[in-house]
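# Chains, contacts and geometry: an overview
Below are the chains, spelled out letter by letter.
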Amino acid sequence: MSTPVDPGPQPLTGTAGERTIGQLVSDVSTDVSQIMRGELELAKAEIKQDVQHAGKGAGMFAGAAVLGLYGFGLLLLGLAAVLNIWLPWWASLLIVAAVLFVVAGVLALVGKKQVTQVKGKPERAIENGKQTVASLKNAPAHFKEGTPPQAALTTAPRA
């Protein structure tokens with residue numbers, strides 16, 4: 001996430017040593033654009049994290065499905081061996097199938113945990129955006145209309 005650029009001290013170019021209205025308006029537009037860029041970067045970071053969790057969860061579910069299918073195949077072979085009454089052969093096949101099912105169950109649980117961490121929307125970015133809009137709505141009327149306040153138009157020399 002990039003940090004906002006501090007423009008540093010601005011030159012005083014008004015008639016009374018104050019900055020002009022044009023400079024102030026320029027500063028406001030620069031600040032607003034920096035705020036919006038920051039909000040977009042925050043939203044991107046949150047969405048990227050959610051996509052990573054969803055990807056990990058989907059991968060775990062896929063692994064669980066593959067191992068479950070292998071386990072089912074071995075279970076069927078074990079049942080066939082039971083019918084043939086070859087005890088050492090079917091027993092070994094059943095043990096392998098049981099181990100595969102246990103691994104599939106663990107992968108499924110880990111995948112479920114990853115999927116439940118997905119929020120689905122960038123909550124912090126939305127909240128910050130709402131706060132920015134509320135701040136702009138509560139701004140003084142002369143900033144909303146684009147007209148300078150009367151105090152800024154009158155230039156009184158400073159002592």
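Residues numbered from 1 in each chain as written. Predicted model: local features only at pLDDT ≥ 70, side-chain atom pairs only at ≥ 80, totals over all residues. Heavy atoms only, no water.

## A short note on the overall build of the protein chain
- Helix and strand counts for the protein chain stand at 5 helices and 0 strands.
- Moving toward the C terminus, one meets the helices and strands of the protein chain in the order α-α-α-α-α.
- Burial statistics for the protein chain: of 159 residues in total, 14% are counted as buried.
- Considering only intrachain contacts with a sequence separation of at least 6, the fraction spanning at least 24 residues in the protein chain is 70%.
- Surface exposure of the protein chain reaches about 11600 Å², of which carbon and sulfur atoms provide 69%. (Helix = DSSP H or I, 4+ residues; strand = E, 2+ residues; numbered from the N terminus. Buried < 20%, exposed > 50% of the residue type's maximum accessible area, 1.4 Å probe, protein only. Contact = heavy atoms within 4.5 Å. Areas by Shrake-Rupley, 256 points an atom, 1.4 Å probe, with all protein chains shown as cover.)

## Remarks on the pattern of salt bridges
- Counted under the stated rule, the structure contains 1 salt bridge.
- R124 is the partner of E46 in a salt bridge, and the nearest nitrogen-oxygen pair spans 3.6 Å. Of this pair, E46 sits in helix α1 (residues 21-84) while R124 sits in helix α3 (residues 123-137), and the two are 78 residues apart along the sequence.
- In this structure E46 comes out as buried when scored by relative accessible area, which is 6%. (Salt bridge = Lys/Arg side-chain N within 4 Å of Asp/Glu carboxyl O.)

## A word on the environment of V99
- Note on placement: V99 falls in helix α2 (residues 87-116).
- By relative accessible area, V99 is classed as partly exposed at 47%.

## Overview of the environment of G38
- Secondary-structure assignment places G38 in helix α1.
- What makes G38 partly exposed here is its relative accessible area of 22%.

## Brief notes about a nonpolar patch on the surface
- Together, V28, V32, I35, M36 and L136 give the surface a local cluster of nonpolar side chains, amounting to about 390 Å² of exposed area.
- Broken down by element, the nonpolar patch gets its largest block of residues, 4 residues, from α1.
- Topologically, V28 is positioned in helix α1. (Patch = residues over 30% accessible without salt bridge, like charges linked within 9 Å, V, L, I, M, F, W, Y side chains within 5 Å.)

## Side note on the confidence of the model for the protein chain
- Model confidence for the protein chain is summarised by a mean pLDDT of 75, while 68% of its residues fall at 70 or above.
- When the elements of the protein chain are averaged for pLDDT, helix α5 (residues 150-153) gives the smallest value, 51, and α1 the largest, 83. (pLDDT = per-residue confidence, 0-100.)

## Some points on the side chain of Q114
- Within the secondary structure, Q114 is located in helix α2.
- Not counting the four nearest positions on each side in its chain, Q114 is found in contact with H53, K56 and G57.

## Structural notes on the side chain of H53
- By the element assignment, H53 lies in helix α1.
- Apart from residues lying up to four places away in sequence, H53 is in contact with Q114, Q117 and V118.

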